[in-house]
Each structure stands twice: as structure tokens, then as C-alpha cells.
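# A structural walkthrough
Okay, here's what each chain looks like letter by letter:
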Amino acid sequence: MASEVAMKKQQDLQTQYQNYKSTLQSLAQKVGEIEQEIEEHKLVTESLDPLPGDRKCFRLINGVLVERTVKEVLPALKTNSDGLKQVLDELLKQYKSKQTEMDKWKKKTNVQVVQNP
């Protein structure tokens, strides 16, 4: 009977640990995606900066290719890039808080992670 209770507690701890790990992994994946988008925005901005403002360029908006000028596109790119940076900062805060929460939980429950060979 006591071993059944211990097994149940161990399974609950493992489930909770897996939940923490999957949450952290999904946050890390989102951070990577946002960082990649920021880098793409930076490359496009660097490519368009030296061009004259009245030069024709194309922008993909909701799957539709739209003709614009460089002077119309650059401010929108900057706005999008700034928004992505804010989202990235928020995701990093969430990741750090979840990591701290997991560390506190591990100390509180005295959980030690054992890797299988």
C-alpha cells in the first residue's frame, strides 16, 4: 500500500517535471522564431536603406504581394521590428520566470533529475 502511494507521488512529480520542461522548450522555440524574424527584418532594412525613397519594392501582406515604395516600407519594417523586439523581451521574461519557478519547485520537492544512459 505504501509503495503504491510512493509510486503515485513519483509519477505525479515526473508529470509535473515534464510539464515544466515542455513549457520551457516551447518558450525557447518561440524565442528562436522571433529572433530569426528580427534578423530577417534587419537584413531587409539594411538592403533597403541605401536605395532611393521613390524606388519600387514589393511587400508581402497577408499572403498578397503589394507594390510599395521604399519610403513607405521602411517605417513599417521598423515598427514591425520594434514590436518583435518587445515580444522577444516578454518571452524571455516568461522563460526566466518559468525557469525560476521550476528551480524553486525542484528544491521544494527535493527532485533530482536522473538522465537515462
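Just so you know, these numbers come straight off a predicted model, no measurement behind them.

## A closer look at the overall build of the protein chain
A count of helices and strands for the protein chain gives 2 helices and 2 strands. For the protein chain, the α and β elements follow one another from N to C terminus as α-β-β-α. Relative to a compact globule of 117 residues, whose C-alpha radius of gyration would be 13 Å, the protein chain shows 23 Å and is clearly more extended. Taking the principal axes of its C-alpha atoms as reference, the protein chain extends roughly 80 × 25 × 25 Å.

## Brief notes about the UniProt feature "coiled-coil region" (unreviewed entry) in the protein chain
Sequence positions flagged by UniProt for "coiled-coil region" (unreviewed entry) are, in local numbering, residues 10-44 and 81-108. Summarising residues 10-44: 100% helix, 0% strand, and an end-to-end C-alpha distance of 51 Å. Helix makes up 100% of residues 81-108 and strand 0%, whereas the separation of the span's terminal C-alpha atoms amounts to 40 Å.

## Structural notes on the side chain of His41
Position of His41 among the secondary structure elements: in helix 1 (residues 2-48). Separated by 2.9 Å, the side chain of His41 and the backbone oxygen of Glu37 make a polar contact. Discounting residues that sit within four places of it in the chain, His41 has contacts with Leu77, Asn80, Ser81 and Leu84.

## A few points about the pairing of strand 1 (residues 56-61)
Working note: regular strand, side chains alternate between the two faces of the sheet. Relative to strand 2 (residues 64-69), strand 1 runs antiparallel, the two sharing 6 bridges. In the strand pairing of strand 2, Arg59 is matched with Val66. Following strand 1, the chain reverses through 2 residues before pairing antiparallel with strand 2; Asn62 in that reversal takes a positive phi of roughly 50°.

## Some remarks on unusual backbone geometry
Its identity is not glycine, yet Asn62 carries a phi of approximately 50°, on the positive side. Mapped onto the elements of the fold, Asn62 is located in the loop between strand 1 and strand 2.

## With respect to the environment of Ser47
Mapped onto the elements of the fold, Ser47 is located in helix 1. According to the relative accessible area criterion, Ser47 is partly exposed, its value standing at 47%. For the pair formed by Ser47 and Gln36, sequence separation is 11 residues and the distance between their alpha carbons is 17 Å.

## A look at the nonpolar core
Counting 7 residues, the largest nonpolar core consists of Leu27, Val31, Ile34, Ile38, Leu84, Leu88 and Leu91. Listing elements by their share of this core, those giving two or more residues are helix 1 and helix 2 (70-109). When residues in this core are grouped by element, the largest group, 4 residues, is from helix 1. Excluding residues within four positions of it along the chain, Val31 makes contact with Leu88, Leu91 and Leu92.

## Details of helix 2
The end-to-end C-alpha distance of helix 2 is 57 Å, a good match for the 58 Å that 40 residues give at a rise of 1.5 Å each. Among the residues of helix 2, Val70, Val73, Leu74, Ala76, Leu77, Ser81, Leu84, Leu88, Leu91, Met102 and Trp105 are the ones counted as buried. Backbone geometry just downstream of helix 2 places Asn110 in the positive-phi region, at approximately 60°.

Each value, and the rule that gives it
Residues numbered from 1 in each chain as written. Predicted model: local features only at pLDDT ≥ 70, side-chain atom pairs only at ≥ 80, totals over all residues. Heavy atoms only, no water. Helix = DSSP H or I, 4+ residues; strand = E, 2+ residues; numbered from the N terminus. Rg over C-alpha atoms; globule rule 2.2 N^0.38 Å. UniProt positions renumbered as here; feature names shortened; annotations may be inferred. Polar contact = N/O pair within 3.5 Å; in protein donor to acceptor, adjacent residues only side chain to side chain. Contact = heavy atoms within 4.5 Å. Pairing = 2+ DSSP bridges. Buried < 20%, exposed > 50% of the residue type's maximum accessible area, 1.4 Å probe, protein only. Core = buried A, V, L, I, M, F, W, Y, C linked by side-chain atoms within 4.5 Å. Expected span 1.5 Å × (residues − 1).

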